[in-house]
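Spelled out from the first residue to the last, the chains are:
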Amino acid sequence: MDAARTITADNPEPATKDATIKAGDETSRVTPMMEQYIEIKAANPDCLLFYRMGDFYELFFADAEVASRALGIVLTKRGKHLGADIPMCGVPVERADEYLHRLIALGHRVAVCEQLEDPALARKRGGKSVVRRDVVRLVTPGTLTEDSLLDARSNNYLAALARSRASAGEDRFALAWIDISTGEFRVAESDRAALAATIARIEPGEIIVSDALYADAVLAPTLRGLPALTPLTRDVFDGATAERRLAAFFGVATTAAFGTFSRVELAAAAAAITYVERTQIGKRPLISPPLREAAGATLALDAATRSNLELHRTLAGERRGSLLAAIDRTITAAGARLLAQRLAAPLTDAAEIGHRLDSVAVFAADAARRNDLRARLKSAPDLARASSRLVIGRGGPRDLAAIRDGIFAAGEFAARLSDLPESPRDIAQVAQVLHRTDVALAQELDKVLADELPALRRDGGFVRPGYAPALDEARALRDESRRVIAALQVRYAEATGIRALKIRHNNVLGYFVDVSAQHGEKLMTAPLNGTFIHRQTTAGQVRFTTTELGELESKIATAAERALALELEIFERMATAVAAASATIKDAAEAIAALDVACALAALALERDYVRPQVDDSLAFAIEGGRHPVVEQMLAAGGGPFVANDCDLSPPPPPYPSSHAGEGGEGAGRIWIVTGPNMAGKSTFLRQNALIAILTQTGSFVPARGAHIGVVDRLFSRVGAADDLARGHSTFMVEMVETAAILNQAGERALVILDEIGRGTATFDGLSIAWATIEHLHEQNRCRVLFATHFHEMTALAGKLPRLHNATMRVKEWQGDVVFLHEVVAGAADRSYGIQVAKLAGLPASVIERAKVVLAQIEAEDRVSPARRLIDDLPLFASARPAAAPPQTDSALAALMDALAALNPDDMSPRDALEALYALKAQLAKGKL
Ligand code: ADP
Ligand code: MG
């Protein structure tokens, strides 16, 4: 095992590194069991060791201290080691999952060490012999399979990050990610700039990197904030052996069968597989061959945009209130996972998006079929996770039942799809896959499984009576003996005259005769002491055995053991059959999930009155009567109506404004500047349009009367620092760094949402930055933009930039109060209504009155707005065309812009960035602004 540590905020240091735990020193004084423990612990220094002793997993030494603190369980002692007490704590095996869950959530890794033989066998070898034990599995955050450790409705990925160093130019990176609970396996290349965005999309439960990457200062900001980061030695990421390791895992001669992979992709994929093998120790989980994601196949959304738009969770970290929660009408867990995946990675191929929309449309139009399917989906089990557990040897009887029910359900779905008048491509595929499931396997499972199933196979009793004659025989013998015991109890009670005499059973004594203390004496004196042999006296009870009882007991035990062994044999056989059919089972699981998603999105569309968007490769962005999917539902719950609004960022139709014809004014999308007072609805309007684009490319209908969207390839959404309430310590610096990222990356197909950028600093530099940003977006990036600002001076820009459009939130003044109509109309806000808003907020009347006087005074003095002057004096954005020489007229501004454009925030340390900012400000001060 490699030295691997999981570092988290809670656990900055490796779990245990107790220098006193070393096999070898003074072993003569160490018990054989401790010796075994120390040896196993030494092989797994980076994990908490769950050491199986009977019905408990025990932890010793520093592990015990860590675990008792983390779990709030009692720390005790057991014997001595090198003269000192050995700290110990333990968790009962039955409740181990619960404790594991908590330890994993805290970022610990756990090595589960089992007894590999019956303790009786060890005893036979001699008094000093220790039960054979070894680690059977490492439990880490990214390699979980148990339902109790997982969220049913989300994926849990293990990601591996590999780098290939380039002698010249940029290093290349690749990410491979596996969900071992469902078998999904993907790999994608990435450059450094996109790395954080890709990781944010995958949201891995654990990410593994080489020691070198772990120590890399440049990557530290990207990696260190992640929930569980595990560094591994270089060989795991070795490119030279990667292909061979991958091929060996999948049992193929070459990975070429799975597609073409770059060297760095192979390295990442092999690292992920190697880590899975190491943690699962000899068990081969069911993993699909790696699927390569082509660059640009999905809508690029960086981490800031994802969190800002609250796609999967709100800024406060809750699922409730997120876009996903608002649109998720899926019924099955697998459907919920698929919807979350699709929302995390919207498509960029208009035709593929169209196929998804076709599937939704079929079920939107056919209520009867949709309702019928959805009713049936309610009892569809989680086929993917059940089969994964069975294949890896961690399944239970209920997982077998899930396979049975899932296959039967697949058949029913197939039947319900067979008479569709018209099948869109994806639904036809689903139907085809569902037809191919192994019905014979389900029928066999139906014969095998009893009606009531225990959670664990070792509990037995899951095989249906009548299925296996040998099993029935063993059970009959066991049950018969139990009846004999009942009869024996009656006989003993009569013979002794002790009415309350009982025959009971526990794990320590086995079967025993149990009487109260007052009767105990009688059984211990002649003549009864000839039959009854004393075993134990407790507080109130005295316990005995008899020769007859002993014989019966061993008969029962033998029969019960045999019955269980037969059941386990049958279980193994069925698990093997499931493994053999795993490919069609996985396909069926995916098909059912896809069906669930299509029906769920259709149900959503009907419920909330969504329409099918028109999607193509144009640069159109025309939304008629758009609504915010989350705010709308929140308002609906609270009684208020949501005011629908149009938005049109499509390129203006020809002829292009003459001032700009041939200068790049044509063809590109529009920029809308949205002004209006606080609380008027600007932010809501901006976000709803971004969300409609995302929903469209996810393949969902959208909350609007109509929408035409030319595929967006990257979407940026930024909120100015002052407005970014949830991120309390967010600064103007962050805002600028993020704005710089947009100006450097956004191309013509991008959609940019900027909300109150430039607000985090003094008015004039804020306005200047906002101004320059808009010019750059218009002239350089030429992308579709929505820009909300409280600088209404900015609206003057519309006179200069042909694709700029001013929009404002309508408000009414009524008896000195401001009334928000939440309606977006063309034009500019005449003022910000700050005083009216302040009044609404309950500022004292005297303050409001005084503010009005001050405002009147300022307005009187400042007749000619500075922005008006600006627009007249300032030439257009200086670097409109990279090739063109910067105009001479305002070299200060041009220089400032160049300096801003030259910044690459991803490459800057916070200190560099701060210094750059000071330099920019100094430059600004030198200019003639
Ligand atoms: P701003 O960004 O202009 O300060 P917000 O977008 O934050 O305003 O909106 C303020 C509040 O107004 C929202 O919380 C929402 O409740 C309400 N609101 C916004 N847009 C609408 C709308 N179109 N219809 C109804 N209520 C809206
Ligand atoms: Mg706002």
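Chemist: I tried to follow the site of ligand 1 on my own but got confused; where do I start?
Modeler: Val643, Met679, Lys682, Ser683 and Thr684 are the nearest of the 13 residues found near ligand 1. One of the backbone N or O atoms of Val643 is found 2.9 Å from a nitrogen atom in ligand 1. At a separation of 2.6 Å, an oxygen atom of ligand 1 approaches a polar backbone atom of Met679. Relative to its unbound accessible area of 560 Å², ligand 1 is 79% covered by the protein chains. For the shell around ligand 1, the element with the most residues is helix H24 (residues 682-698), which contributes three residues. Of the residues contributing to the shell around ligand 1, the split by class is seven nonpolar, five polar and one charged.

Chemist: I tried to follow the side chain of His778 on my own but got confused; where do I start?
Modeler: Looking at where His778 falls in the secondary structure, it is placed in helix H26 (residues 763-781). Not counting chain neighbours up to four residues away, the residues in contact with His778 comprise Ile671, Leu801, Pro802, Arg803 and Leu804.

Chemist: I keep staring at the pairing of strand S2 (residues 56-60) and nothing clicks. Help me out?
Modeler: Remark: a regular strand shows side chains that alternate across the two faces of the sheet. Across the five residues of S2, four count as buried, placing the element largely inside the fold. Relative to S2, strand S1 (residues 48-53) runs antiparallel, the two being bridged by three bridges. Paired with Tyr51 across the two strands is Glu58, which belongs to S2. Taking the residues between adjacent antiparallel strands as the criterion, S1 and S2 are bridged by two residues, where Gly54 takes a positive phi near 65 degrees. Pairing of S2 with strand S4 (residues 84-92) involves five bridges; the strand directions are antiparallel. Within S4, the residue paired with Phe56 across the bridge is Pro92.

Chemist: Sorry if this is basic, but what is going on with the sheet that holds S4 here?
Modeler: In a beta sheet, neighbouring strands pair by backbone hydrogen bonds and run either parallel or antiparallel. The mixed open sheet is built from six strands, whose spatial order is S3-S4-S2-S1-S5-S6. With partners counted over all chains shown, the strands left at the sheet margins are strand S3 (76-81) and strand S6 (133-139), one partner each. With strand direction ignored, the average angle separating the axes of adjacent strands in the sheet is 35 degrees. Sheet contacts for helix H1 (residues 32-43): S1, S2, S3, S4, strand S5 (110-115) and S6; angle to S1, the most-contacted strand, approximately 145 degrees.

Chemist: Help me understand helix H3 (residues 96-105) in this model?
Modeler: Within an α-helix, residues lying three or four positions from one another point in the same direction, as the helix has 3.6 residues per turn. Taken residue by residue, H3 has Ala96, Tyr99, Leu100, Leu103 and Ile104 as its buried positions. One side of H3 carries all its buried residues, which in axial view fall inside an arc of 135 degrees. Taken together, the buried residues of H3 touch S1, S2, helix H2 (61-71), S4, S5 and S6. Backbone geometry just downstream of H3 places Gly107 in the positive-phi region, at approximately 95 degrees.

Chemist: So what exactly am I meant to see when it comes to the sheet that holds strand S20 (residues 645-648) here?
Modeler: In spatial order, the strands read S18-S22-S19-S20; together these four strands make up an open sheet with mixed pairing. Lying at the two open borders of the sheet, with one neighbouring strand each, are strand S18 (614-616) and S20. Along the sheet, successive strands turn relative to each other by an average axial angle of 10 degrees, direction set aside. Where strand S19 (residues 621-626) and strand S22 (residues 706-710) come together, four bridges link them in antiparallel fashion. Across the sheet, the residue bridging to Glu624 is Gly706, located in S22.

Chemist: Explain the pairing of strand S7 (residues 158-164) to me, please; I cannot follow it from the model alone.
Modeler: Taken across its seven residues, S7 has five buried, putting it largely inside the fold. Bridge count between S7 and strand S8 (residues 172-179): seven bridges; the pairing is antiparallel. Within S8, the position partnered with Ser164 by the bridge is Arg172. The pairing of S7 with strand S10 (residues 206-210) spans three bridges and is parallel. Counted as the bridge partner of Ala159 is Ile207 from S10.

Conventions we followed
Residues numbered from 1 in each chain as written. Chains lettered and ligands numbered in written order. Predicted model: local features only at pLDDT ≥ 70, side-chain atom pairs only at ≥ 80, totals over all residues. Heavy atoms only, no water. Near = heavy atom within 4 Å. Polar contact = N/O pair within 3.5 Å; in protein donor to acceptor, adjacent residues only side chain to side chain. Areas by Shrake-Rupley, 256 points an atom, 1.4 Å probe, with all protein chains shown as cover. Helix = DSSP H or I, 4+ residues; strand = E, 2+ residues; numbered from the N terminus. Nonpolar A, V, L, I, M, F, W, Y, C, P; charged D, E, K, R; others polar. Contact = heavy atoms within 4.5 Å. Buried < 20%, exposed > 50% of the residue type's maximum accessible area, 1.4 Å probe, protein only. Pairing = 2+ DSSP bridges. Axes fitted to C-alpha atoms, helices over the stretch in contact; angles between N-to-C directions. Arc of directions from axis to C-beta.

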